[in-house]
Amino acid sequence: MGQRWSCAGHARPAPGSGGTITRHRPLRSARTTLRSALLACAATAALTAGTLGTATAAQAAAPADGAPATDQVTYQGRTFTVPESWDVIDLDRHPDTCVRFDRHAVYLGTPGARQDCPAKALGRTEAMLVQPADRTREGAASTTRVTRDTTDHSYRATAPGLEITATYSGDRKDVERVLGSAGLPVSEARTVRSTGTTGTAGKTAAAAALPEDSTSFQGKGFDRCAAPSAAQMQAWKGASPYGAVGVYIGGVNAGCGVTVDAGWMRAQYDAGWKYFPIYVGPQASADAGSCNGTCDVIDDPVADGAASARDAVQAAGALGLPAGSVLYYNMEHYDGEHGAVVTAFLESWTRTVHELGYRSGAYGSLSSLITDLVDAAQGGGYLAPDVIDFAKWDDNATTDEPRIPAALWADHQRIKQYSGDLTQSYGGVSLNIDANLLDVGAGAPQPPVQKDTQLAYTGAKTVSNGSPAELAATLTEKDGGAPVTGREVALTLGAGDAAQKCAAKTDDQGRAACTIASVQQPLNADATVPVTAEFAGDDAYKASKAEAAVSLQYVTGRAFGLSANVPLPLLSVKVDPTPDTGEVRTAGAVTKAPPCTASVSTLVLSAEALCAKVDAKTGPSTATATASVSKARVGIAGLPVVEVSGLTATATSSCTRQTGSTSLTLKIAGAVVDVPDTPDHTIDLGLARLVVNEQKKTADGIEVTAVHLTSATGIDVTIGAARSAAHNCAD
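What you see is a predicted model; the values in this text were computed from it and never measured. (Residues numbered from 1 in each chain as written. Predicted model: local features only at pLDDT ≥ 70, side-chain atom pairs only at ≥ 80, totals over all residues. Heavy atoms only, no water.)

Asker: Would you mind going over the overall build of the protein in detail, with residue names and values included?
Answerer: Counting its secondary structure elements, the protein contains 6 helices and 43 strands. Among the 731 residues that make up the protein, the fraction classed as buried is 53%. Partitioning the contacts of the protein with sequence separation of at least 6, the portion at a separation of at least 24 is 64%. Summing over all exposed atoms, the protein offers an accessible surface of approximately 29,600 Å²; the carbon and sulfur share of this is 50%. (Helix = DSSP H or I, 4+ residues; strand = E, 2+ residues; numbered from the N terminus. Buried < 20%, exposed > 50% of the residue type's maximum accessible area, 1.4 Å probe, protein only. Contact = heavy atoms within 4.5 Å. Areas by Shrake-Rupley, 256 points an atom, 1.4 Å probe, with all protein chains shown as cover.)

Asker: Summarise a nonpolar patch on the surface; cite the residues concerned and give the values.
Answerer: Taken together, the side chains of Leu570, Leu571 and Leu603 define a hydrophobic patch exposed on the protein surface, amounting to about 410 Å² of accessible area. Within the fold, Leu571 resides in the loop between strand E30 (554-566) and strand E31 (573-580). Classification of Leu571 by relative accessible area gives exposed; the value is 53%. (Patch = residues over 30% accessible without salt bridge, like charges linked within 9 Å, V, L, I, M, F, W, Y side chains within 5 Å. Salt bridge = Lys/Arg side-chain N within 4 Å of Asp/Glu carboxyl O.)

Asker: Which residues make up the state of the cysteines, and what are the values?
Answerer: Using the criterion set out here, one finds 4 disulfides in the structure. Note on cysteine connectivity: Cys225 is disulfide-linked to Cys256, with sulfurs 1.6 Å apart. Every disulfide takes its handedness from the sign of the S-S torsion; for Cys225 and Cys256 that torsion is 120 degrees, giving right-handed. Of this pair, Cys225 sits in the loop between strand E14 (217-223) and helix H2 (230-239) while Cys256 sits in the loop between strand E15 (242-250) and helix H3 (262-270), placing them 31 residues apart in sequence. Given the relative accessible area of 3%, Cys225 is considered buried. Taking the relative accessible area as the measure of exposure, Cys256 reaches 2% and is therefore buried. A disulfide bridge connects Cys502 with Cys514, and the sulfur atoms are separated by 2.0 Å. (Disulfide = S-S within 2.5 Å.)

Asker: How would you explain the packing of aromatic side chains if you had to name every residue and give the values?
Answerer: Tallied over the entire structure, the rule returns 13 aromatic pairs. Ring centres 5.8 Å apart and planes at 15 degrees place the aromatic pair Trp236 and Tyr242 in the stacked group. With respect to class, Trp236 is no different from Tyr242; both count as buried. A centroid spacing of 6.0 Å and a plane angle of 45 degrees characterise the contact between Tyr279 and Tyr329, whose relative ring orientation is tilted. On the criterion of sequence distance, the pair formed by Tyr279 in strand E16 (residues 274-279) and Tyr329 in strand E17 (residues 326-330) is long-range, its members being 50 residues apart. In this pair, the class of Tyr279 matches that of Tyr329, namely buried. These aromatic residues form a ring-pair network of at least three members: Phe222, Trp236, Tyr242, Trp273 and Tyr426. The ring of Trp273 has Lys237 lying over it, and the distance from NZ or CZ to the ring centre is 5.1 Å. Over the ring of Tyr554 we find Arg585, and its NZ or CZ is 4.6 Å from the ring centre. (Phe/Tyr/Trp six-rings, centres within 6.5 Å; stacked < 30°, edge-to-face > 60°. Lys NZ or Arg CZ within 6 Å of the ring centre and 35° of its normal.)

Asker: I'd like a description of helix H1 (residues 172-181), backed by residues and values.
Answerer: Within the sequence span of H1, burial applies to Val175, Glu176, Val178 and Leu179. For H1, the buried positions fall inside an angular range of 160 degrees around the axis, keeping them on one side. In the core, the buried residues of H1 are packed alongside strand E6 (78-83), strand E9 (127-132), strand E11 (154-159) and strand E12 (162-167). Gly183 sits one or two positions beyond H1 and adopts a positive phi of about 80 degrees. (Arc of directions from axis to C-beta.)

Asker: Requested: an account of the pairing of strand E40 (residues 681-684), with residues and values cited.
Answerer: Alignment of E40 against strand E41 (residues 688-697), held across 4 bridges, turns out to be antiparallel. Counterpart to Asp684 in the pairing with E41 is Arg689. Hairpin connection between E40 and E41: a loop of 3 residues separates the two successive antiparallel strands, and Gly686 in this loop has a positive phi of roughly 90 degrees. (Pairing = 2+ DSSP bridges.)

Asker: How would you sum up helix H6 (residues 366-379)? Please name residues and give values.
Answerer: Taking 1.5 Å per residue, 14 residues should reach 20 Å; H6 reaches 18 Å between its end C-alpha atoms and fits that length. Those residues of H6 lying buried are Leu366, Ser368, Leu369, Ile370, Asp372, Leu373, Val374 and Ala376. Looking at the residues trailing H6, positive phi occurs at Gly380, about 85 degrees. (Expected span 1.5 Å × (residues − 1).)

Asker: I'd like a description of the sheet that holds strand E19 (residues 387-391), backed by residues and values.
Answerer: Overall, mixed pairing links the 8 strands, which are arranged E14-E15-E16-E17-E18-E19-E20-E21 in a closed barrel. Within the sheet, the average angular offset between the axes of one strand and its neighbour, ignoring direction, is 35 degrees. Bridge count for E17 against strand E18 (residues 359-365) is 5 bridges, and the pairing is parallel. Counterpart to Leu327 in the pairing with E18 is Ser360. Seen against the sheet, helix H5 (residues 339-355) touches E16, E17 and E18 and runs at an angle of roughly 155 degrees to E18. (Axes fitted to C-alpha atoms, helices over the stretch in contact; angles between N-to-C directions.)

Asker: Residue-level account of the pattern of salt bridges, with values.
Answerer: The final tally for this structure, using the stated rule, is 20 salt bridges. Of the charged contacts in the structure, one is a salt bridge between Lys173 and Glu176, with a shortest N-O distance of 3.4 Å. Taken together, the residues Lys173 and Glu176, both in helix H1 and 3 residues apart, mark about one turn of the helix. Take Glu176: its relative accessible area is 14%, and that puts it in the buried class. A salt bridge links Asp174 to Arg177, with the nearest nitrogen and oxygen atoms 2.3 Å apart. Here Asp174 and its partner Arg177 are both found in helix H1, 3 residues apart, which amounts to about one turn of the helix. The class for Arg177 is exposed, based on a relative accessible area of 53%. Linked by salt bridges that have partners in common, Arg310, Glu355, Lys451 and Glu477 make up one network.

Asker: Break down the environment of Thr682 for me, with residues and values.
Answerer: Counting through the fold element by element, Thr682 comes out in strand E40. With a relative accessible area of 42%, Thr682 lands in the partly exposed category. It is 6.4 Å that separates the C-alpha atoms of Thr682 and Val692, two residues lying 10 residues apart in sequence. If sequence neighbours within four positions are ignored, Thr682 has contacts with Arg689, Leu690 and Val691.

Asker: Outline the sheet that holds strand E25 (residues 488-493), listing residues and values.
Answerer: Taken in spatial order, the 5 strands of this open sheet run E23-E29-E28-E25-E26, and their pairing is mixed. Every interior strand has two partners, whereas the edge strands, strand E23 (462-463) and strand E26 (500-505), have only one. With 6 bridges connecting them, E25 and E26 associate as antiparallel partners. When the sheet's bridge partners are listed, Val489 is paired in E26 with Ala504.

Asker: Could you give an account of the environment of Gly219, with specific residues and numbers?
Answerer: As for its placement among the helices and strands, Gly219 is situated in strand E14. Residue Gly219 is classed as buried on the basis of its relative accessible area, which comes to 18%. On a C-alpha basis, the gap between Gly219 and Ala397 in space is 9.4 Å, while along the polypeptide they are 178 residues apart. Beyond its immediate chain neighbours, meaning those up to four positions away, Gly219 contacts Asn436, Leu437 and Leu438.

Now the structure itself:
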């Protein structure tokens, strides 16, 4: 196979002219070769000068030194700033233009039904299609949003009246800048997994399945980069020797993207056509076959092969291709050093395709891929594709090939691409195609093989009543640990009547995360809450379950008005904490406030209006302990009289902060004492020590004593005590 080159015009107006200028320069148009230099041809095409209709282009201001030059392109009122080197193509004026994502270009308008495309275009680079929204399709753009597909390297944006598809390879930031220049929220793009719809066909929902024989055929078929229109297919059905058509269903290196939808597939099947579905994922090297250095490459052959298979099966289902269909992986010609990587990749592809109920096909060069597959199959223990599609352009329409042993792929399991880069005309319609001979039987649908899975809880380790909590779990294959993506995981916090539930689908890393808006869980002895993650299983994966326990934040607190122990020579005075909240332990919102004590009176001390309270709140968990005493007097022989009034002690604790305070009026021996705001103000009374606003930090909180009188002889009087703490705080 070889390469075909074309030139296309590119409309740019002179400043202030209101018109357009057509400038001709070469555009790469990759064609399948699999053997570089089978063909060498050149063609040119120019866009006619004239207005862009609803699209206009204008040179932007001169760039700063060193910055790439840019142009501004306006379409339906939205302006994009694009690199000057990109071609701008008005599809309304040039409906036969092939919309391709393997060359730098901006396509404006709806792609034509009769695109003049080569048989194949490979690779992915920075390009963009801006087209009117299809208002007849459910979910047509009415809001502005952006999604990023990490599988096929694309962004999809919607804005009122517009749909934008932008692809990228090594310069993703370039595409992000172009989208951002038009006011599209690319920085907020939501990451999604591919459904194989990059291109011009639009997104497809799950489709009714075609009959099981849709990929079974004996006879001639053709393939090309973009699918022909319904009218073109009808013309060829009656006049051409072909009965099957190769359609591209997805893959990061599909240069024309996906140009069919489920409706097209159903209509052409009903018209008598059969299919060989082609998926063009990562290649052995960036310059494999016709890639010209633009192809995405295999990184991890086992993981990438499985991921490509899952994506291809999803895309096939969206197009109506049923279980048992053959899905063909397009592997371009590669150097021998890549053989081990390619065979490992295709074995993983085949295994995963089988697990999902489909049959595996592989297309490639006779001199590279097919040679390596023959060697692997003859070596034993290798899971080979069910069908091979080999390229050998000798114009000999037969699937017999001396280099492929007759015993291998012998039961209607072969396709040969016997000619390529042909322009043929039937029924008055000319198409550029590759020609194939198919000998593909119905075969038996591979029954889905369920893989064992395992779940691991990976969400919040600590939760707090009244606050949101993110629950998460990671779903992986038990054998090898590969992430299981796109599956729903149900997560439950708590048990029984207290159970709180949410669910989410796994992302590219196999992680599913959802949020409980407001945790409401009871506090048990060890302050934990059970968490359960469950995957129900499906045709491809077995069910699994994970159980864990998370810590529940809770608070404690205590407050009392007064306590005393005063040993006297003849009679000791002892006052138990009065009034006393006792120890409060809670994860909820509660208030503990025993009745205030009107007065306390003993030989050496007295007090009035003593109160204590602990107030706990949630969202976040906080405890505030408060003790208050209206008046108190301590008169012990040998010590000056101590009087306090308006006393309040407060201790507040949460997981983020602990604070304490004291307010009072203090008199000693009848004189008012100025007490600073700082903690632990100590006053020497000779035979005793008085501490005002005594504060002690604990492991999880704080203790505050408003007035603390002690002596070496055992005197211990506390007036106003409060303590609080917050527990199970997250690190």
